[in-house]
Amino acid sequence: MRMPTPDAATIERRAEIVEALRGIVSGEGVIVSEPERRVYESDGLTAYRQLPLVVVLPATVEQVAAVLRYCKRMGVKVVPRGAGTSLSGGALPLADGVLLGLAKFNRILDIDYENCCVVAQPGVTNLGISKAVEHAGFYYAPDPSSQIACTIGGNVAENSGGVHCLKYGLTTNNLLGIEMVLMDGEVVRLGGKHLDAEGYDLLGVMTGSEGLLGVVTEVTVRILPRPTAARALLIGFPTTADAGNCVAAVIAAGIIPAGMEMMDRPAIHAAEAFVKVGYPLDVEALLIVELDGAPAEIDHLIQKVEAIARQHSACVVRISRDEAERLAFWSGRKAAFPAVGRISPDYYCMDGTIPRARLADVLNRMRALSERYRLGVANVFHAGDGNLHPLILYDANKPDEVGRAEAFGVDILKLCVEVGGVLTGEHGVGVEKRDLMGAMFDDSDLAHQQRLKCAFDPDGLLNPGKVFPRLHRCAELGRLHVRAGRLPFPELPRF
């Protein structure tokens, strides 16, 4: 993995930088000692580690703005960080960069039931929003598996999804507005409580921008009334191909389940051993299909889904009889990642997205790759929208297995692009997929994306080394921009 060459001059000025940051954020808000910085040396992609130059934990927007202004003036790199659950290395620190942690931004600022929205600081957990409104019959729809720990600001940075994204969308479909601080310390608001914003879709630009454009300090999200009822089907298949074909057939029939998840045999066995909810162990693939809405509608759709499943050789069909059983069906899926952690010293969680109709083909080819690299793989993924999460099993204490796991992951992602998919569904590019961007974009595509980066951060100080395999100087890109006859990037709304 290539990262920007550490700036020796910045490292030499470390004491000066620490003193300046302590002048902005007092008390324990600046972390300097090596043992304390060690906590921040990686995010969820633990294969890559790097001690940050210094960690700063601001508590106010003014402090965030002051830190960024100082770093811009002094040419110091900044890596924003939320809860650190990123699985693509998006929050990997830099040896010559300030790590800007937003853990202290952990309050819900406003709950507006009339406008069906919540205003929260970026350090509020995803699940925390749903917990705050559940007494009134509302919830926040996107629910990544890490929702108990991941923060809403990180969800915006990665455009996170979850098991219910098929029907209710990703973060971008449930985000109404943000407050953000640019690298020069300017505070900007995009969107708000209204359903749409005028002009360019800058809110869409920021969603999934992985900390490269600005630091989010406030988020306004849409909340939804809880469905009247919800029931789930647990469906077992003799082959993964049957399960994949069933997924495509359900969607083709015009049925949009609230959630549609799939696990293969290794994942099923790991999850059942972990949570013991009665998953069938004599099947090759398991589908969990959840339907919500009015009870009569659910009853009708359950019959249709069951019929489609049996047409595709389903050998086990269970329908939840009550809420407890529905939650039991989901508990194994929600716990699948830690469950797999019990059967392997380490695992590498991938994130690619493919057309639903190619599920069976991709799973078969992935099995062949598993044999080629002599490494096991457990598949747990959002089948309804084709977002794969293969878990490659390896032992980090064996260097040859580390290398094989990385090569296996590269081939999985290239396979996703080959069949018409994309490199990532919700985990982001970060450093993990950065050097694979050329498999999906040509040099012209990447240059245009970097022009956008330059419009927000012309000095390239925000989260450098992520997403782009090769960085161009902004001045050079600016000349290309004018020569192409394109309009300058619009002025951002400030206040």
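Just so we're clear, the structure is a prediction, and the values are computed from it rather than from any experiment.

Here's the deal with the sheet that holds strand β8 (residues 175–181)
An order of β5-β6-β10-β8-β9 is seen for the five strands of this open sheet, with the pairing classed as antiparallel. Looking along the sheet, the strands with just one partner apiece sit at the ends: β5 (108–112) and β9 (187–191). Strand-to-strand twist of the sheet, defined as the mean angle between neighbouring strand axes without regard to direction, takes the value 10°. The pairing of β8 with β9 spans five bridges and is antiparallel. Of the residues in β9, the one forming a bridge with V181 is V187.

Comments concerning empty space enclosed by the protein
In total, this model carries two cavities of 30 Å³ or more according to the counting rule given. Considering only enclosed or pocket space, the largest cavity measures out at about 70 Å³ in volume. Ranked by residues supplied to the lining of the largest cavity, first place goes to helix α15 (residues 399–418) with three residues. Residues that form the lining of the largest cavity fall into these classes: seven nonpolar, no polar and two charged. Looking at the second largest cavity, its volume works out to about 40 Å³. Around the second largest cavity sit L212, K453, G460, L462, N463, P464, G465, K466, F468 and L471, which together line it. For the lining of the second largest cavity, the class distribution of residues is five nonpolar, three polar and two charged.

Looking at the state of the cysteines
A complete count under the given rule lists one disulfide for this structure. Disulfide pairing is shown between C454 and C474; the S-S distance is 2.0 Å. Since a negative S-S torsion denotes a left-handed disulfide, the C454-C474 link at about -85° is left-handed. Of this pair, C454 sits in helix α16 (residues 443–456) while C474 sits in helix α17 (residues 474–483), and the two are 20 residues apart along the sequence. Classification of C454 as buried rests on a relative accessible area of 13%. For C150, which is in no disulfide, the shortest distance to another cysteine sulfur is to C165 and amounts to 13 Å. For C315, which is in no disulfide, the shortest distance to another cysteine sulfur is to C246 and amounts to 12 Å. Of the residues examined, C315 reaches a relative accessible area of 44% and is grouped as partly exposed.

Cut-offs and rules
Sequence order sets the numbering: in each chain, residues are counted from 1 along the sequence as written. With the structure being a predicted model, the display of local features is reserved for residues of pLDDT at least 70 and the display and counting of side-chain atom pairs for 80 or more, all residues being used for whole-chain, interface and lining totals. Side-chain numbers come from the whole structure's heavy atoms, not from hydrogens or water. Following DSSP output, two strands are said to pair if at least two bridges run between them. Every helix listed is a DSSP run of H or I at least four residues long, and every strand listed is a run of E at least two residues long, numbered separately from the N terminus. In this analysis an axis means a line fitted to C-alpha atoms, helices contributing only their contacting stretch, and an angle means the value between N-to-C directions, from 0 to 180 degrees. Here a cavity means grid points, on a 1 Å grid over the protein atoms only, where a 1.4 Å probe fits yet cannot get out; a pocket means an open set of points with protein on both sides within 12 Å along at least five of seven lines; lining residues are those with an atom within 4 Å of a point. Grid points are joined across faces, edges and corners, and a volume is the space filled by probe spheres set on the points. Just so you know the grouping, Ala, Val, Leu, Ile, Met, Phe, Trp, Tyr, Cys and Pro go in nonpolar, Asp, Glu, Lys and Arg go in charged, and all remaining residues, Gly too, go in polar. Two cysteine sulfurs form what is called a disulfide whenever their separation falls within 2.5 Å. Buried means the residue's accessible area, taken with a 1.4 Å probe over protein chains only, is under 20% of the maximum for its type, while exposed means over 50%, and partly exposed covers the values in between.

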